[in-house]
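Architecture and fold: a report
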Amino acid sequence: MLAGKSVELLKDTVPSVSRVAILWNPNHVDPEFRETQRASRVLGVQLQSLEIRESDEIEGAFLAAERERAEAIIVLGSRLMFSNRHRIGAFAERHRMTMVGVPSWLIEVGALFAYGPNTPELFRRAAGYVDKILKGARPTDLPMQQPTTFELNVNFKAAQRLGITIPPTVIARAEKTFE
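Predicted, not measured: the structure shown is a model, and the values here were computed from it. The residue numbers shown here count from 1 along each chain, following its written sequence. Local features are withheld for residues below a pLDDT of 70 in this predicted model, meaning they are given only at 70 or higher, and side-chain atom pairs are given and counted only at 80 or more; totals for whole chains, interfaces and linings count all residues. Excluded from the side-chain calculation are hydrogens and water; included are all heavy atoms of the structure.

1. Considering the pattern of salt bridges
- Just to be clear on terms, a salt bridge is a Lys or Arg side-chain nitrogen sitting within 4 Å of an Asp or Glu carboxyl oxygen. Under the definition given, this model contains ten salt bridges.
- A salt bridge links Glu121 to Arg125; the shortest N-O distance between them is 3.4 Å. Pair noted here: Glu121 and Arg125 are both in helix α6 (residues 119-134), with a separation of four residues, about one helical turn.
- Taken together, the salt bridges that share partners define one network made up of Lys5, Glu8, Asp12 and Arg173. Strands are runs of DSSP state E lasting at least two residues, helices are runs of H or I lasting at least four, and both sets are numbered from the N terminus onward.

So, in C-alpha cells, the structure goes:
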C-alpha cells in the first residue's frame, strides 16, 4: 500500500512522469515491490526494477537507471538503503531525478516527498510493548500491530531544485513540509 501510494503521489505531482525506477532489496521481505508494480500498471507508469542486495551493487543499479532514462526513482526502505542513503541522494541530485519513497529519512537526502508511517507514533507504541514486557507479559502473547497513522512529508527545496510545482491537492495532504 505505501509504495503504491508513492506512485500515485508521484503522478499527482509530476503527471508527465512515465519511466520510474524502483530501488529495493529483495532480501528485505515485504510486499512493497509488488504493490508498486500493481500501482504502476494501473497508473500507466513503466517501472524498472533495480534490485540491490549488497552495497557494491548500487553503482550498477544507477547505471541501469541512466541507461533506461528513468525520470524518477522510488526508494523502498531497508537497512541497506539507509546505510547508502547519501549515495542514493547524490545520484538522484546529480541526474536531476525526482526521488520519492516510504522512509522519512529520504527527505534528508533530497527526496521530493516521503509517505509512510508516523515514526514517533511507532516508537510510542513500541514503548508500550516494552512496558508490558517489563511488567511480565510474554512477547508471544502480545498482538502484532500495524501502523495506523501515516504522514506525507514534502520537500519544497527539492521541488525548487527540480523545477516542480507541488499541486495544492498534494500540499493539503502533507503532514510536514520542508523548505
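Here the narrative resumes, following the displayed structure.
2. As for the packing of helix α3 (residues 58-67) against helix α5 (residues 85-94)
- Every angle, taken between N-to-C directions, lies between 0 and 180 degrees, and every axis is a line fitted to C-alpha atoms, over only the stretch in contact when it is a helix. Packing of α3 against α5 brings their axes to within 11 Å, and their N-to-C directions diverge by 20°. Considered as vectors, α3 and α5 are oriented roughly parallel to each other. The hand of the α3/α5 crossing is right-handed. Residues Ile58, Glu59, Phe62, Ala65 and Glu66 of α3 pack against Arg87, Ile88 and Phe91 of α5.
- Each residue is assigned to one class: nonpolar for Ala, Val, Leu, Ile, Met, Phe, Trp, Tyr, Cys and Pro, charged for Asp, Glu, Lys and Arg, and polar for all the others, Gly among them. Partitioned by chemical class, the residues of the contact of α3 with α5 number five nonpolar, no polar and three charged. For classification purposes, angles smaller than 35 degrees are called roughly parallel, those larger than 145 roughly antiparallel, those between 65 and 115 roughly perpendicular, and all remaining angles oblique. Left-handed describes a crossing in which the near helix is turned anticlockwise from the far one by less than a right angle; the clockwise case is right-handed. Note on contacts: a residue pair is in contact if any heavy atoms of the two residues lie within 4.5 Å.

3. A short note on the environment of Ser83
- Along the chain, the position of Ser83 falls in helix α4 (residues 79-83).
- For this analysis, a polar contact is any N or O atom pair within 3.5 Å, provided that within protein one partner can donate a hydrogen and the other can accept it, and provided that sequence-adjacent residues contribute only side-chain to side-chain pairs. Within the local environment of Ser83, its side chain forms a polar contact with the side chain of Asn84, the two groups lying 3.3 Å apart.

4. Quick notes on the packing of aromatic side chains
- Whether two aromatic rings pair depends on their centres lying within 6.5 Å, for rings of Phe, Tyr and Trp, where Trp uses its six-membered ring; planes under 30 degrees apart make the pair stacked, over 60 edge-to-face, and the rest tilted. Evaluated as defined, the whole model comprises four aromatic pairs.
- For the pair Trp24 and Phe33, a centre-to-centre distance of 4.0 Å together with 5° between the ring planes defines the contact as stacked. Of the two residues, Trp24 and Phe33, neither departs from the other in class, the shared state being buried.
- Note on Phe82 and Trp105: the rings are 5.5 Å apart at their centroids and 75° apart in plane angle, and the pair reads as edge-to-face. Highlighted residues: Phe82 in helix α4 and Trp105 in the loop between β4 (98-101) and β5 (113-117), separated in sequence by 23 residues.
- Residue class for Phe82 comes out partly exposed when judged on its relative accessible area of 37%. Residue burial is assigned from relative accessible area. The probe radius is 1.4 Å, only protein chains are included, and a residue is buried under 20% of its type maximum, exposed over 50%, and partly exposed in between.

Honestly, it's all geometry; don't read function into it.
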